[in-house]
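Architecture and fold: a report
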Amino acid sequence: GTYHIVGEVLNVGSQAAKSVEITASLYSANGTFVGSGYTFTDMSILNSGDKSPFDLLISQTAIVPQIYNYSLYVSFSSASALPAGLKILSNSSNVDSIGYLHVIGQVQNIATGNATYVEVIGTFYDQVGNVVGEGYTFTSPTTLQPNQIGPYDLVFYASTRTALVKSYSLTAESNEYSLQGTTPTPTPTPTPTPT
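Now for a look at the structure at hand.

Concerning the overall build of the protein
The helix and strand inventory of the protein stands at zero helices and 14 strands. Whereas a compact globule of 195 residues would reach a radius of gyration of roughly 16 Å, the protein reaches 18 Å, a difference of no more than 12%. The principal-axis extents of the C-alpha atoms in the protein amount to approximately 55 × 45 × 25 Å. The buried share among the 195 residues of the protein stands at 44%. For the protein, contacts bridging at least 24 residues in sequence account for 67% of all contacts bridging at least 6. Side-chain charges of the protein comprise 5 positive and 12 negative groups, with the mean position of each set lying 7 Å from the other.

This is the structure:
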């Protein structure tokens, strides 16, 4: 019964952005405004050229049945860019016995200082590249010292949508650092059969 608007925001500006907020205006079939909602990108800071997913939820039972279409507006504040300091060393995916898609792998802190609250963010796509979901998790441990490697297990909990997922992309950030290089290209996912 919850209405989801999932997608991605790309920072096309020349400076970093923080508090990136997505606001939806919701309309009925005859064009009447019926409500609004908002959310923030999964990434806290988007350096120039960075892309982050979002999942905007509308749960008001009186509004959801009326939604026919929507428009989106993005706002943000300027921020200092995060230096590159994290590297995703590996990733692979599998579907568990109850239909949850797992993306597992390792992240390394390649910077000279500690990386705190190291977060791995995933965007999940269908066969034509539409966003069908997103998710995030933290490494274990959440703080990585210089050169330390931490595993992660990113779970896509929308099991009813697992069959739609044909590829994914990953990025990472901590309070101090961003992912080294550009966001990885989407990776093929396995056929969603229980393992």
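Remarks on the environment of Y73
By the secondary structure assignment, Y73 is in strand β6 (residues 69-79). Separated by 48 residues in the primary sequence, Y73 and S25 have C-alpha atoms spaced 8.3 Å apart.

Regarding the side chain of T139
Relative to the helices and strands, T139 is located in the loop between β10 (131-138) and β11 (149-156). Here T139 falls in the buried class, since its relative accessible area comes to 3%. A polar side-chain atom of T139 sits 2.8 Å from the main-chain carbonyl oxygen of P141. The residues touching T139, leaving out its near neighbours within four places in the chain, are V107, V118, V120, L144, G150, P151 and Y152.

Some thoughts on the nonpolar core
By size, the foremost hydrophobic cluster in this structure holds 22 residues, and its most contacted members are L86, I88, V103, V107, F124, Y152 and L170. Elements with a contribution of two residues or more to this core: β7 (84-95), β8 (101-109), β9 (119-125), β11 and β12 (167-173). Beyond its immediate chain neighbours, meaning those up to four positions away, I88 contacts Q106, V107, Y152, L170, T171, A172 and L179. By size, the runner-up hydrophobic cluster in this structure holds 17 residues, among which are V20, L56, I58 and I67.

Topic: the layout of surface pockets
By rolling a water-sized probe across the atoms, one finds the places where empty space is left. The space that makes up the largest pocket amounts to roughly 340 Å³. Lining the largest pocket are 14 residues, and of these H4, D55, E134, F156 and A158 lie nearest its centre. Counting residues per element, the ones that place at least two in the lining of the largest pocket are β1 (3-10), β10 and β11.

Some thoughts on the packing of aromatic side chains
Throughout the structure, instances matching the rule amount to six aromatic pairs. Ring centres of Y38 and F40 lie 6.2 Å apart, and the angle between their planes is 90°; on these two criteria the pair is classed as edge-to-face. Note on Y38: relative accessible area 54%, which makes it exposed. The structure contains a cluster of three or more aromatic residues connected by ring pairs, namely F124, F156 and Y168.

Calculation criteria
Residues numbered from 1 in each chain as written. Predicted model: local features only at pLDDT ≥ 70, side-chain atom pairs only at ≥ 80, totals over all residues. Heavy atoms only, no water. Helix = DSSP H or I, 4+ residues; strand = E, 2+ residues; numbered from the N terminus. Rg over C-alpha atoms; globule rule 2.2 N^0.38 Å. Buried < 20%, exposed > 50% of the residue type's maximum accessible area, 1.4 Å probe, protein only. Contact = heavy atoms within 4.5 Å. Lys, Arg positive; Asp, Glu negative; His and termini not counted. Charge placed at Lys NZ, Arg CZ, Asp CG, Glu CD. Polar contact = N/O pair within 3.5 Å; in protein donor to acceptor, adjacent residues only side chain to side chain. Core = buried A, V, L, I, M, F, W, Y, C linked by side-chain atoms within 4.5 Å. 1 Å grid on protein atoms, 1.4 Å probe; cavity = no way out; pocket = protein on both sides within 12 Å on 5 of 7 lines; lining within 4 Å. Points joined across faces, edges and corners; volume = space filled by probe spheres on them. Phe/Tyr/Trp six-rings, centres within 6.5 Å; stacked < 30°, edge-to-face > 60°.

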